[in-house]
Structures are given as C-alpha cells and as structure tokens.
Amino acid sequence: MFVCSRPSRARAERLHLANHVFGLIGPDAHAAVMKIGRVVYRSGVGEPLLVAAMLSQIGTGLFLAWHWSAAPQGFHRTFQVASGAYLSLFILGHMNSVFIYARSFLGIPTDWNFAIGAPTGLIHDAWNIRLLPHYALGAFLVLSHLASGLRVVLIAHGVDRLAANRLWGAGVAISTVISAAIIAGMCGVRIS
Ligand code: HEM
C-alpha cells in the first residue's frame, strides 16, 4: 500500500529514519546529518513536493486499505494493510506536530530537542512518554511496510512464495532492530 511504485519517496523515508539512528552517537551527529538532509527536504522545491507526496500517499494508501480490507486476507496482506493504515494516521499526526503545532503555533525549531521532548526527555515525563510507542511503531511500521511491498513485488515477478516470505521476515527483523536503535538513542543510549 505504501511504497514500491514510489521509490524516491521510499528513499526519503529511509533517509529520514537513518538520520534518527545518528541520535545513538549523540545530538550533534543527529544535527549534522539533519543539516545535510534539510538542504533537500526543506528547500523551496523539496518541501512542498515532500508534503504533496505524503498527502497523496495517505489518500492512495487509505483507498487501497479500503479495497483490500473488504475481503478476508492472509497474514502478510493483513499486516501490510494494517501497517499502512497506521502510517496514514502517523504521518498526518506527525506533519501536524512538525508544521502546524511546532513551527507555526509554538514557533520553535523542529530539531533533536523537539523530537525527544527536551529538557525532560521521552521517558521522564508523563506526557512525553506517549511519543515512545508512537515513534517506535512509526519507524518499525514504515520499514516493515516497505518489506511487505517488496514481498508482493517479488512474488509478482515469479519469486518462490516461501523465499519471499522469508525475506519479508528478515525485513521485519531488521525493522525491529532499527526502530529499537532509534528509540534507544532518543532515550539517551549512546554508542560512543
Ligand atoms: C522515530 C521516528 C521519527 C522521529 C523521531 C521523527 C522526527 C522528525 C523531526 C524532528 C522532524 C523535523 C525535521 C526538521 O525540522 O528538519 C520531522 C519531520 C518530518 N518527518 Fe519525521 N520522524 C520520525 C518518523 C517519520 C516517519 C516514519 C515519517 C514518514 C513515513 C516521517 C515523516 C516526516 C516528514 C514528512 C517531515 C517533514 C519534513 C520537513 O521538514 O519538510 N517521520 N520528523
């Protein structure tokens, strides 16, 4: 639902998440990578295109979810539809937080401190803690949704279903590790 026909958008999402993995090194590393990314995704051309791509993704994704959920599906397809449905809500809420709440309403920078709810942080604040499952699921589901899309494409191209399912399983395992790494970094874990 979310991806394979749109490789450039998938690339942007992977880059965005790769940026957050740098939080494991520290806020400075995260800021340095974000500064490079911003040259593209916050440019006069890049940002409207990104927002339009996200909104069209939500629209087409919900349409496909409506279509595929009309009849019973197997486990993999159900996971694909459910993850896409969550991402539709996640992306809308996330863009609302970044563009409307933080940048327009509060007028604060949407940087590392914003992401981790500084100064109290994600885990020592009764309100910020809600962001932990929100971000963990967002990162996990966007990556495993990509793996689900890849599985469908591989099967459509004649790859053995069992092999495609195993690759999907590996993709989901990698998504879990990456999501956990991002959240660990956001909660203060450092690797150096
Ligand atoms: C751990 C998970 C995530 C965290 C902590 C996070 C955090 C952030 C932060 C701090 C910004 C502001 C960036 C800036 O000011 O340059 C941002 C922007 C954005 N994020 Fe995320 N994000 C996460 C996951 C995602 C996912 C999964 C998606 C999409 C599938 C996404 C889509 C976006 C978009 C479209 C923007 C707006 C980019 C712009 O400024 O033009 N994010 N995010």
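Reading guide: rules and limits
Residues numbered from 1 in each chain as written. Predicted model: local features only at pLDDT ≥ 70, side-chain atom pairs only at ≥ 80, totals over all residues. Heavy atoms only, no water. Donors = N, O, S within 2.8 Å, 3.2 Å for Na, K, Ca; no water. Tetrahedral: all angles 85-135°; square planar, octahedral: opposite > 155°, others 65-115°. Helix = DSSP H or I, 4+ residues; strand = E, 2+ residues; numbered from the N terminus. Buried < 20%, exposed > 50% of the residue type's maximum accessible area, 1.4 Å probe, protein only. Core = buried A, V, L, I, M, F, W, Y, C linked by side-chain atoms within 4.5 Å. Contact = heavy atoms within 4.5 Å. Expected span 1.5 Å × (residues − 1). Phe/Tyr/Trp six-rings, centres within 6.5 Å; stacked < 30°, edge-to-face > 60°. Near = heavy atom within 4 Å. Polar contact = N/O pair within 3.5 Å; in protein donor to acceptor, adjacent residues only side chain to side chain. Nonpolar A, V, L, I, M, F, W, Y, C, P; charged D, E, K, R; others polar.

Caption draft 1: Summary view of the coordination of the iron atom of the ligand. Every protein donor of the iron atom of the ligand is accounted for by H16 (NE2) and H94 (NE2), and the metal-donor separations fall at 2.0 Å. Because the angles between the six donor atoms bound to the iron atom of the ligand fall within 85 to 179°, the donor set is best described as octahedral. Separated by 78 residues along the polypeptide, H16 in helix α1 (residues 7–21) and H94 in helix α4 (residues 75–106) bring together distant segments of the chain. For H16, a relative accessible area of 31% translates into the label partly exposed.

Caption draft 2: Broad picture of the nonpolar core. Counting 27 residues, the largest nonpolar core has L17, I91, Y135 and M186 as its most contacted members. If you list the elements that add at least two residues to this core, you get α1, α3 (46–68), α4, α5 (112–116), α6 (131–156) and α7 (161–186). With nine residues, the single largest contributor to this core is α6. Those residues in contact with L17, other than ones at most four positions away along the chain, are A139, V142, L143 and I182.

Caption draft 3: Layout of α7. Over its 26 residues, α7 extends 37 Å from the first C-alpha to the last, a length consistent with the 38 Å expected when each residue adds 1.5 Å. Among all positions in α7, only A164, N165, W168, G171, V172, S175, S179, A181, I182, I183, G185 and M186 are buried. Looking one or two residues beyond α7, the residue adopting positive phi is G188, at roughly 110°.

Caption draft 4: Structural view of the environment of A156. One can find A156 in helix α6. Remark: the alpha-carbon pair of A156 and A32, spanning 124 residues in sequence, is separated by 40 Å.

Caption draft 5: Expanded view of the packing of aromatic side chains. Per the counting criterion, the structure on display carries five aromatic pairs. Judged by centre distance (6.4 Å) and plane angle (80°), the ring pair of F79 and F140 falls under edge-to-face. Residue F79 is found in helix α4, and its partner F140 is found in helix α6; the two are separated by 61 residues along the sequence. There is no split in this pair, since F79 and F140 are both buried. Taken together, a centroid distance of 5.9 Å and an interplanar angle of 25° make the contact between Y101 and F105 stacked. Placement of the pair is Y101 and F105 together in helix α4, with a separation of four residues, close to one helical turn. Take Y101: its relative accessible area is 44%, and that puts it in the partly exposed class. Pairwise contacts between aromatic rings join F75, F79, F140 and W168 into one cluster.

Caption draft 6: The side chain of S175, seen in detail. For S175, the location among the structural elements is in helix α7. Its relative accessible area of 2% is what places S175 among the buried residues. Setting aside residues no more than four positions away along its own chain, S175 makes contact with F140, L143 and S144.

Caption draft 7: Fine view of the site of the ligand. The local shell around the ligand holds 27 residues, among which H16, R38, E47, H94 and T110 are the closest. One of the side-chain nitrogen or oxygen atoms of H16 is found 2.8 Å away from a nitrogen atom of the ligand. Residue T110 places a side-chain N or O atom 2.4 Å away from an oxygen atom belonging to the ligand. Those elements giving two or more residues to the shell around the ligand turn out to be α1, α2 (27–41), α3, α4, α5, α6 and α7. A total of seven residues in the shell around the ligand trace back to one element, the largest contributor, which is α4. Its residues assigned to classes, the shell around the ligand comprises 16 nonpolar, five polar and six charged.

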